[in-house]
Amino acid sequence: MKVNIMIYRTYYLSPLGKMLLAADDIGLVGAWFEGQKYFGEFPGHRDFVFEEKENCILKDALRWLDIYFSGQKPDFLPKLHLIGTDFQREVWDILLEISYGQTVTYGEIARKIADKRGLKTMSAQAVGSAVGHNRVSVIVPCHRVIGSDGSLTGYAGGIERKIRLLDIEQPDFIRTIPEF
């Protein structure tokens, strides 16, 4: 028997561009800047039914974004339904631990996972891939992850947005932009 999963969608006009937000009945499943890498992507082979409607989860996410983009630290987290592999969810859970206004490196996240798993090492590149596939931009703060040399590498929404997000949280953040 085929089961359709209802996905509710709405849009948010952020100072950094239009965002698509999506939620199911469990939690927020996506928050993408329009045109960003993996925009609107849903994993797996499920059958989704989309409805342009704000449910209570989307309303909380919109309120969170309003607070965030006003330059304040939100004091709550909307319900999340992070859909991905076990490794991706492990990385995304670590992203949620990064404090507002702070940054960590891909290598630091890799070391944390290696320690947790009792391994000598963990690939920072694998961490980078999981970070890059985060579907809940801004709220799951992948923009707070930087290169080991302090460079602002990789952000599915674009480096300029990453810079502006970090500026919202930490206006004096010293940034190193990689040379292309």
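The structure this text deals with has already been given above.
It is worth spelling out the overall build of the protein at this point. Counting its secondary structure elements, the protein contains 5 helices and 6 strands. Walking the protein from its N terminus toward its C terminus, one meets helices and strands in the order β-β-β-β-α-α-β-α-α-β-α. Out of the 180 residues in the protein, the part that is buried amounts to 48%. Intrachain contacts of the protein at a sequence separation of at least 6 include 59% that bridge at least 24 residues. Put simply, the protein shows about 9500 Å² of open surface, and 50% of that area lies on carbon and sulfur atoms.

Before going further, it helps to examine the pattern of salt bridges. It is possible for side chains bearing opposite charge to pair when their charged atoms get close. In total, this model carries 6 salt bridges according to the counting rule given. One salt bridge in this structure joins glutamate 90 and lysine 116, with 3.7 Å as the shortest N-O distance. With glutamate 90 in helix H2 (residues 86-97) and lysine 116 in helix H3 (residues 106-117), the pair connects residues that are 26 residues apart, well separated along the chain. We classify lysine 116 as exposed; its relative accessible area is 65%. Among the ionic pairs, glutamate 97 bridges to lysine 112, the shortest N-O distance being 2.5 Å. With glutamate 97 in helix H2 and lysine 112 in helix H3, this residue pair connects regions lying 15 residues apart in the sequence. Owing to a relative accessible area of 49%, glutamate 97 belongs among the partly exposed residues under this scheme. By relative accessible area, lysine 112 is classed as partly exposed at 42%.

Below, the discussion takes up the pairing of strand S3 (residues 28-33). S3 sits mainly inside the fold: 6 of its 6 residues count as buried. Here strand S2 (residues 17-23) pairs with S3 via 5 bridges, running antiparallel. Residue pairing in the sheet places leucine 21 in a bridge with alanine 31 of S3. Linking S2 to S3, which pair antiparallel, is a turn of 4 residues.

Over its 14 residues, helix H1 (residues 56-69) extends 20 Å from the first C-alpha to the last, a length consistent with the 20 Å expected when each residue adds 1.5 Å. Buried residues of H1: Ile57, Leu58, Ala61, Leu62, Trp64, Leu65, Tyr68 and Phe69, and no others. Looking straight down H1, one finds its buried side chains confined to an arc of 160°; they lie on one side. Turning to H1, the residues buried within the fold contact strand S1 (4-14), S2, S3 and helix H5 (159-169). The distance from a side-chain oxygen at the start of H1 to the backbone nitrogen of isoleucine 57 is 3.2 Å, and the residue carrying that oxygen is asparagine 55. Looking one or two residues past H1, glycine 71 carries a phi angle of roughly 90°, positive in sign.

Glancing now at the packing of aromatic side chains. In the structure shown here, the tally under the stated rule is 4 aromatic pairs. Ring centres 5.3 Å apart and planes at 85° place the aromatic pair tyrosine 68 and phenylalanine 69 in the edge-to-face group. Stacked on the ring of tyrosine 11, the Lys or Arg lysine 18 has its end atom at 4.5 Å from the ring centre. The ring of phenylalanine 76 has arginine 63 sitting right over it, with the charged end atom 4.1 Å from the ring centre.

For the rest of this paragraph, the subject is the packing of H2 against helix H4 (residues 124-132). It is the contact of H2 with H4, at a shortest axis distance of 9 Å, that shows an interaxial angle of 80°. If you check the angle between H2 and H4, you find them roughly perpendicular. In this structure, H2 contributes Phe87, Gln88, Val91, Trp92 and Leu95 to the contact, and H4 contributes Ala126, Val127, Ala130 and Val131. Looking at the contact of H2 with H4 residue by residue, the classes come out as 8 nonpolar, 1 polar and no charged.

Cut-offs and rules
- Residues numbered from 1 in each chain as written.
- Predicted model: local features only at pLDDT ≥ 70, side-chain atom pairs only at ≥ 80, totals over all residues.
- Heavy atoms only, no water.
- Helix = DSSP H or I, 4+ residues; strand = E, 2+ residues; numbered from the N terminus.
- Buried < 20%, exposed > 50% of the residue type's maximum accessible area, 1.4 Å probe, protein only.
- Contact = heavy atoms within 4.5 Å.
- Areas by Shrake-Rupley, 256 points an atom, 1.4 Å probe, with all protein chains shown as cover.
- Salt bridge = Lys/Arg side-chain N within 4 Å of Asp/Glu carboxyl O.
- Pairing = 2+ DSSP bridges.
- Expected span 1.5 Å × (residues − 1).
- Arc of directions from axis to C-beta.
- Polar contact = N/O pair within 3.5 Å; in protein donor to acceptor, adjacent residues only side chain to side chain.
- Phe/Tyr/Trp six-rings, centres within 6.5 Å; stacked < 30°, edge-to-face > 60°.
- Lys NZ or Arg CZ within 6 Å of the ring centre and 35° of its normal.
- Axes fitted to C-alpha atoms, helices over the stretch in contact; angles between N-to-C directions.
- Parallel < 35°, antiparallel > 145°, perpendicular 65-115°, else oblique.
- Nonpolar A, V, L, I, M, F, W, Y, C, P; charged D, E, K, R; others polar.

These figures come from the coordinates and say nothing about function on their own.
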